[in-house]
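Residues per chain are reported as follows:
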Amino acid sequence: MSCNTRSVGRVGLVVATVLALLGLTAQAASAADENVKYYTVTTSYAGKPENLTEIADRFLGSGSRSSEIFNLNTGRKQPDGQALTDPAKLNPGWMLILPWDAVGAGVQHGVLGDKSPTTVPSPAPRPSSSPSPGTTKPGKGTTSPGSTTKPGQTPTPGTKPKPGQCATASTSSSKSNWATLRLAPDQAWPTSKGNGQLVAVVDSGVDGSLPQLAGHVSEGMDIIAGSGRGDTDCLGTGTGMAGLIVSQDQGSSGIAPEATVMPVRITDAAGKARAEDSASAITAAAEAGATVIALGSHVDTNDSGVIAAINGAVGKDVVVVACSSLASVAVAQNAKTAPGLLRVGGIGMDGQWAADYHLGGIDVVAPGVNITELGITGTGSSARSGTQYAVAFVAGAAALVRAAYPDLTAQQVAHRIEATAQKMGNGKVPDARYGYGLIDLAASVTTRLPEEVTKANVGGTPASGGGMTDGRTALLVVVILLALAAAVMLVLRVRRLLREDRAQDEDSFTEPSPARG
């Protein structure tokens with residue numbers, strides 16, 4: 001075998017190795033790209049053929065987002081060999097890639113298959129025609145709206161309580177899951193579920209007997225009584241807030257389902273609260289070890305004593321979340337709060353305010369209109385509106401961040417929530433109406449902020465879940481580096497072989513001997 005032949009063989013071996021590594025890189029990238037959310041089209045939904053508008057409304061909360069699904073799937077070959085061209089025409093068995101924030105029964109997550117199902121998918125369940133949870137038909141043991149409540153019963157929502165009874169806020173039986181769809185907490189859960197965080201809810205107490213809150217509500221404290229537990233609730237607002245934070249209800253889990261709520265009751269049976277009790281509650285919660293404090297709408301954040309208590313809690317490294325002040329309420333002069341307080345405004349599905357807030361008095365916004373909340377014992381869930389529910393969502397976000405980044409200070413946690421929020425309004429931050437924008441749960445626990453000086457655990461060892469995205473990224477980086485190193489070795493090897501061949505050729509060349517005379 002000649003030197004040139006051997007050189008070509010060696011070069012071929014190195015080239016094959018590099019190509020194999022590059023192939024592995026492509027496969028890894030492809031696998032990562034195919035791990036998506038998707039939905040398999042059924043034969044019908046609610047008795048009618050499925051279409052993109054209905055699917056978008058069901059899984060994304062708005063039919064107007066059908067264009068997003070169309071753009072993700074148009075031209076992509078389906079299992080039956082056809083492709084999406086008409087949003088109104090979908091074939092059973094088609095697998096539609098969904099936007100990352102899709103949520104609901106039927107949404108699947110994984111590597112998209114390339115074969116149609118062995119059987120045609122059954123029709124999706126019809127929307128229930130029965131009364132929504134939280135409403136009851138008149139009958140034995142129930143009361144119709146407007147009827148008189150018997151002693152010992154929970155007053156009907158909207159009725160004025162009699163002395164000694166628990167008051168309740170007005171409710172609506174029209175439930176909506178738009179807030180969960182918009183916030184998409186499941187996108188944050190692979191990184192953090194709020195494990196180890198104690199969230200104090202300063203409001204009307206929390207009904208700890210509810211199965212959806214079992215194991216995630218502590219005894220808490222009753223500031224009104226001066227002693228006793230806070231895990232009872234007459235009004236329902238505190239329970240509603242707690243449910244949005246830690247509910248274990250399947251299909252509507254709280255934002256931080258692995259956190260624990262500590263209820264701190266500050267209201268009487270009529271729903272009244274004193275500023276001095278609110279201040280005492282904030283201080284007590286901080287001293288009891290709360291990492292996040294959520295202040296309900298009964299807390300007067302313009303009171304000087306309450307402001308001092310908030311600053312004291314932030315000084316103990318506690319994130320405090322409060323309702324933004326209303327425009328009708330005069331803001332206290334020289335009322336300066338320490339960084340680490342998040343002032344929250346509530347918004348509806350259309351982005352409109354839940355109340356008339358002070359312009360410039362909002363740090364971030366969250367859903368606060370038509371929110372499905374967990375009701376106190378016997379009332380079920382219902383839809384309500386109020387800034388306190390937006391506060392609960394933001395408090396849940398703070399719990400997620402604290403669990404993912406345990407070395408961050410309260411001020412840094414508040415900054416991270418602001419910096420990762422989705423801009424609203426004029427696009428500048430802070431905006432007078434929306435502050436830094438709508439909270440983004442996934443971004444708040446995954447985005448790397450260069451301004452964070454704490455290096456330990458930045459990016460977070462996932463508090464729960466697997467951190468699969470970071471793992472794939474690391475694998476791709478390693479494979480690419482190996483491929484580049486192999487390519488460099490190939491170039492050097494080829495140059496060396498060429499030099500050796502040239503030297504051998506020169507050694508084998510012999511000049512002719514001079515002729516003898």
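See the structure above.
Definitions and limits used
- Residues numbered from 1 in each chain as written.
- Predicted model: local features only at pLDDT ≥ 70, side-chain atom pairs only at ≥ 80, totals over all residues.
- Heavy atoms only, no water.
- Patch = residues over 30% accessible without salt bridge, like charges linked within 9 Å, V, L, I, M, F, W, Y side chains within 5 Å.
- Areas by Shrake-Rupley, 256 points an atom, 1.4 Å probe, with all protein chains shown as cover.
- Salt bridge = Lys/Arg side-chain N within 4 Å of Asp/Glu carboxyl O.
- Helix = DSSP H or I, 4+ residues; strand = E, 2+ residues; numbered from the N terminus.
- Buried < 20%, exposed > 50% of the residue type's maximum accessible area, 1.4 Å probe, protein only.
- Pairing = 2+ DSSP bridges.
- Contact = heavy atoms within 4.5 Å.
- Axes fitted to C-alpha atoms, helices over the stretch in contact; angles between N-to-C directions.
- Core = buried A, V, L, I, M, F, W, Y, C linked by side-chain atoms within 4.5 Å.
- Phe/Tyr/Trp six-rings, centres within 6.5 Å; stacked < 30°, edge-to-face > 60°.
- Lys NZ or Arg CZ within 6 Å of the ring centre and 35° of its normal.

Engineer: Could you clarify how one ought to interpret a nonpolar patch on the surface in this entry?
Structural biologist: Where nonpolar side chains cluster on the molecular surface, the patch consists of Ile480, Leu481 and Leu484 and spans about 290 Å² of accessible area. Here Leu484 lies in helix α11 (residues 468-508). What makes Leu484 exposed here is its relative accessible area of 51%.

Engineer: What am I meant to see in the sheet that holds strand β7 (residues 292-295) here?
Structural biologist: Sheet strands pair by backbone hydrogen bonding; their relative direction is either parallel or antiparallel. The 7 strands lie next to each other as β5-β6-β4-β7-β8-β9-β10, forming an open sheet whose pairing is parallel. Looking along the sheet, the strands with just one partner apiece sit at the ends: β5 (221-222) and β10 (364-367). Note: strand β8 (residues 319-323) against strand β9 (residues 341-347), 4 bridges, orientation parallel. Note on β9: the bridge partner recorded for Ala322 is Arg343. Most of the contacts of helix α5 (residues 237-246) go to strand β4 (residues 198-203), to which it runs at about 160°, and overall it touches β4, β6 (260-265) and β7.

Engineer: Would you mind going over the nonpolar core with me for this structure?
Structural biologist: By size, the foremost hydrophobic cluster in this structure holds 61 residues, and its most contacted members are Phe393, Ile417 and Ile439. A total of 13 residues in this core trace back to one element, the largest contributor, which is helix α8 (residues 387-404). Discounting chain neighbours no more than four positions away, the residues touching Phe393 are Ala179, Leu183, Leu244, Ile255, Ala366, Pro367, Ile371 and Ile439. Judged by nonpolar contacts, the second largest core, of 28 residues, contains Leu198, Val264, Val314 and Leu341.

Engineer: Explain the side chain of Asp231 here, please?
Structural biologist: For Asp231, the position within the fold is in the loop between β5 and α5. Sequence-distant contacts of Asp231, that is, excluding residues within four places in its chain, are made with Val206, Asp207, Gly208, Val217, Ser218, Glu219 and Pro263.

Engineer: Quick question: what am I supposed to make of the pattern of salt bridges here?
Structural biologist: Once their charged atoms are close, side chains differing in charge can pair, the charge on each being opposite to the other. Across all of its chains, the model carries 12 salt bridges by this definition. Among the salt bridges present, the one from Arg229 reaches Glu219, with a minimum N-O distance of 3.5 Å. With Arg229 in the loop between β5 and α5 and Glu219 in the loop between β4 and β5, the pair connects residues that are 10 residues apart, well separated along the chain. Residue classification places Arg229 among the partly exposed positions, given a relative accessible area of 45%. What makes Glu219 partly exposed here is its relative accessible area of 46%. The closest approach of N and O atoms between Asp317 and Arg402, which form a salt bridge, is 3.2 Å. A residue pair is termed long-range when its members are at least 10 positions apart, and Asp317 in the loop between α7 (304-315) and β8 and Arg402 in helix α8 qualify at 85 residues. If you follow the salt bridges from partner to partner, you end up with Glu50, Glu54 and Arg58 in one network.

Engineer: Teacher, can you tell me more about α5 here?
Structural biologist: An α-helix turns once per 3.6 residues; consequently, residues spaced three or four apart project the same way. The buried count for α5 comes to 10 of 10 residues, which makes it a mostly enclosed element. Every buried residue belonging to α5 is among Thr237, Gly238, Thr239, Gly240, Met241, Ala242, Gly243, Leu244, Ile245 and Val246, and all of these are buried.

Engineer: Help me out: how do you make sense of the packing of aromatic side chains in this one?
Structural biologist: Given two aromatic rings, one states the distance between the centres and the angle between the planes to describe the pair. The full count for this structure, using the stated rule, is 2 aromatic pairs. Here the basic side chain of Arg58 rests over the ring of Tyr45, its NZ or CZ set 3.8 Å away from the ring centre.

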